[in-house]
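# Descriptive structure summary
Read off the chains here:
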Amino acid sequence: MTTVRRVDPHDDAAFRTWYDTYTVGFEAGRTDPGGWTSPEAAAVYRHPSAAFPMAPFGAYDDADRCVGGAWAGLPQRENLQRLELNICVPPEHRRQGIGTALLDALIEFARQNGRTNLIGGLHIPVGVTDWPGVGFFTKHGFTHGITEVRRRQLLPVPDDRLDALAAKAKERASDYQIVSWEGPCPDEYAEQYANLKALLDTEAPTGEISYDVAEWDVERLREDEANLERQGRTLYATVAIAPDGTVVAHTQAVVTKHDPSRGSQWDTLVLTEHRGHRLGLAVKVANLRALQTAHPEVTRIDTWNAEENGPMVAVNEELGYRIFEYNQGWQRTLTP
Ligand SMILES: CC(C)(COP(=O)(O)OP(=O)(O)OC[C@H]1O[C@@H](n2cnc3c(N)ncnc32)[C@H](O)[C@@H]1OP(=O)(O)O)[C@@H](O)C(=O)NCCC(=O)NCCS
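Presented here is an overview of the structure given in this document. In this text, all values refer to a predicted model and were calculated from it rather than measured experimentally.

### Here's the deal with the overall build of the protein
- Each helix and strand in the protein was counted, giving 9 helices and 12 strands.
- For 336 residues, the compact-globule estimate of 2.2 N^0.38 gives 20 Å, and the C-alpha radius of gyration of the protein, at 20 Å, lies within 12% of that figure.
- Counting only C-alpha atoms and orienting by the principal axes, one finds that the protein spans roughly 65 × 35 × 35 Å.
- Counting every position in the protein, which comprises 336 residues, the buried fraction comes to 53%.
- Look at the contacts in the protein between residues 6 or more apart in sequence, and 73% of them connect residues 24 or more apart.
- With the model as given, the accessible surface of the protein reaches about 15,400 Å², and the carbon-plus-sulfur share is 51%.
- Treating the 34 positive side-chain charges of the protein as one cloud and the 48 negative ones as another, the clouds have centres 4 Å apart.

Following this line, the structure appears as structure tokens:
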């Protein structure tokens, strides 16, 4: 019989076993998936974010061996109807009801917390047509909400290529000042930067999955930065500033000391009324230059975009990103 229980992230042995089991399921069938390293995961679960606390759950067999892992995230500032989840079962334990037992526990957890909308993600390698999670979600009444494409860029991008792209961006972006930083956002931009971060979930395409406007303020920004530091990650950010001093575009990428050859490209946003000035390209080129200069050990950087996000994908392809994997979002509404 399978038993599911919440894992205490402060119990080193239990947490490590959960992490290892989850990771085997997470990585199976994928190439270089780049999930959280164990110290990053420990920091995430031991110091939960106020905006998005996450809880680990483990599935155990009769001998109390961990045979599957999952996490549940409960947004606290917006999307209060939602529980986000992921379930990973190592291949040798699949098709024995373990994923279902974990999902049942997460549904119970959702109900206890008044959540009615479940969102789960799948990572599907290019060319694979029968990914287990698709059958699993379909069986459990989830519907496909969005497909995002994960693209990868190999680093370093040669300086002359970056120079050419920066010059191309400047043809239309010359009125804007481009400012980059490493780590925490300078105080002078913090409020505007927090406002920009709030917009991403509703400005970028999200398919059938609807998001509330996120509530970001300087306090949340600073908490997020403190969490990143605790996780061993360093953020690189670049903004574009209009002549009147308004911060109108930003991009951010992150490196981790726990997996130094890997980078991740996160948010990029240009305010609607400032689109068409190649600001997306301008901020990304400057940010990439800052990151690869400071971290020559990074050999690859990944980014995720909705399939239909034409403008962002065009910028990424121009920078040299190529398709690597598909991410799908699936959702289910819980009935009372
Ligand atoms: C998806 C996953 C969690 C399923 O775990 P599992 O323990 O094998 O799931 P269960 O045994 O409870 O399967 C329940 C039902 O889901 C469906 N299902 C599961 N795997 C399937 C597959 N490979 N193909 C088709 N249907 C599948 C079946 O209907 C199955 O019932 P059945 O075995 O009686 O036919 C596991 O394959 C996994 O870890 N995949 C990688 C991570 C992932 O994609 N997670 C997605 C969920 S967030």
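### Overview of the pairing of strand E4 (residues 82-88)
- The element E4 is largely enclosed, with a buried count of 6 among its 7 residues.
- Inspection of the sheet shows strand E3 (residues 66-73) paired to E4 by 5 bridges, in the antiparallel sense. The residue bridging Gly69 from the neighbouring strand is Cys88, located in E4.
- In this sheet, strand E5 (residues 117-125) lies alongside E4 in parallel orientation, the contact comprising 4 bridges.

### Brief notes about the pattern of salt bridges
- Evaluated as defined, the whole model comprises 23 salt bridges.
- Residue Asp163 is joined to Arg289 by a salt bridge in which the shortest nitrogen-to-oxygen separation is 3.0 Å. Separated by 126 residues along the polypeptide, Asp163 in helix H5 (residues 159-173) and Arg289 in helix H8 (residues 279-294) bring together distant segments of the chain.
- Classification of Arg289 as partly exposed rests on a relative accessible area of 26%.
- Ionic pairing is found between Arg222 and Asp187, a salt bridge with its closest N-O pair at 2.8 Å.

### A word on the sheet that holds strand E8 (residues 233-241)
- Strands sit in the order E1-E2-E3-E4-E5-E12-E6-E11-E10-E9-E8-E7 across an open sheet of 12 strands; the sheet is mixed. If you trace the sheet from one side to the other, it starts and ends with strand E1 (3-6) and strand E7 (177-182), each paired once. With strand direction ignored, the average angle separating the axes of adjacent strands in the sheet is 25°.

### Structural notes on the site of the ligand
- With respect to spatial proximity, 21 residues lie near the ligand, and among them Ile87, Val89, Arg95, Gly99 and Thr100 are the closest.
- A distance of 2.8 Å separates an oxygen atom of the ligand from a polar backbone atom of Arg95.
- Separating an oxygen atom of the ligand from a side-chain N or O atom of Thr100 is a distance of 2.5 Å.
- Contact with the protein chains covers 79% of the free accessible surface of the ligand, which is 910 Å².
- Judged by its atoms lying within 2 Å of the grid points, the ligand is housed in the second largest pocket.
- If you list the elements that add at least two residues to the shell around the ligand, you get E4, helix H3 (98-112), E5 and helix H4 (132-139).
- At 6 residues, H4 tops the list of elements feeding residues into the shell around the ligand.
- Of the residues that constitute the shell around the ligand, the class distribution is 9 nonpolar, 9 polar and 3 charged.

### Notes on the packing of helix H6 (residues 187-203) against helix H7 (residues 218-231)
- H7 packs onto H6 with a crossing angle of 95° between their chain directions and a minimal axis gap of 9 Å. When the axis of H6 is compared with that of H7, the two are roughly perpendicular. Contacts between H6 and H7 involve Asp187, Ala190, Glu191, Tyr193, Ala194 and Lys197 from the former and Val218, Leu221 and Arg222 from the latter.
- A breakdown of the residues in the contact of H6 with H7 according to their chemical character gives 5 nonpolar, no polar and 4 charged.

### Overview of the packing of aromatic side chains
- Counting across every chain of the model gives 12 aromatic pairs.
- Centre to centre, the rings of Phe57 and Phe109 are 5.2 Å apart; their planes meet at 65°, and the pair counts as edge-to-face. Note that Phe57 is positioned in strand E2 (residues 54-60) and Phe109 in helix H3, a separation of 52 residues in sequence.
- Taken together, the aromatic side chains of Phe15, Trp18, Tyr22, Phe26, Trp36 and Tyr45 make up a single cluster linked through ring pairs.
- In this arrangement the basic side chain of Arg5 is found over the ring face of Tyr60, its NZ or CZ atom lying 3.9 Å from the centre.

### What about the nonpolar core?
- Formed by 50 residues in total, the largest nonpolar core has its most connected members in Trp181, Tyr193, Val248, Leu279, Leu291 and Leu319.
- If sequence neighbours within four positions are ignored, Leu291 has contacts with Leu155, Tyr236, Ala253, Val255, Val298 and Ile301.

### Here's the deal with the state of the cysteines
- Scanning the model with the defined rule gives 0 disulfides in all.
- The closest cysteine sulfur to the non-disulfide-bonded Cys88 is located on Cys66, 12 Å from its own sulfur.
- Given a relative accessible area of 6%, Cys88 falls into the buried group.

Criteria and cut-off values
- Residues numbered from 1 in each chain as written.
- Predicted model: local features only at pLDDT ≥ 70, side-chain atom pairs only at ≥ 80, totals over all residues.
- Heavy atoms only, no water.
- Helix = DSSP H or I, 4+ residues; strand = E, 2+ residues; numbered from the N terminus.
- Rg over C-alpha atoms; globule rule 2.2 N^0.38 Å.
- Buried < 20%, exposed > 50% of the residue type's maximum accessible area, 1.4 Å probe, protein only.
- Contact = heavy atoms within 4.5 Å.
- Areas by Shrake-Rupley, 256 points an atom, 1.4 Å probe, with all protein chains shown as cover.
- Lys, Arg positive; Asp, Glu negative; His and termini not counted.
- Charge placed at Lys NZ, Arg CZ, Asp CG, Glu CD.
- Pairing = 2+ DSSP bridges.
- Salt bridge = Lys/Arg side-chain N within 4 Å of Asp/Glu carboxyl O.
- Axes fitted to C-alpha atoms, helices over the stretch in contact; angles between N-to-C directions.
- Near = heavy atom within 4 Å.
- Polar contact = N/O pair within 3.5 Å; in protein donor to acceptor, adjacent residues only side chain to side chain.
- 1 Å grid on protein atoms, 1.4 Å probe; cavity = no way out; pocket = protein on both sides within 12 Å on 5 of 7 lines; lining within 4 Å.
- Sits in = over half its atoms within 2 Å of the grid points.
- Nonpolar A, V, L, I, M, F, W, Y, C, P; charged D, E, K, R; others polar.
- Parallel < 35°, antiparallel > 145°, perpendicular 65-115°, else oblique.
- Phe/Tyr/Trp six-rings, centres within 6.5 Å; stacked < 30°, edge-to-face > 60°.
- Lys NZ or Arg CZ within 6 Å of the ring centre and 35° of its normal.
- Core = buried A, V, L, I, M, F, W, Y, C linked by side-chain atoms within 4.5 Å.
- Disulfide = S-S within 2.5 Å.

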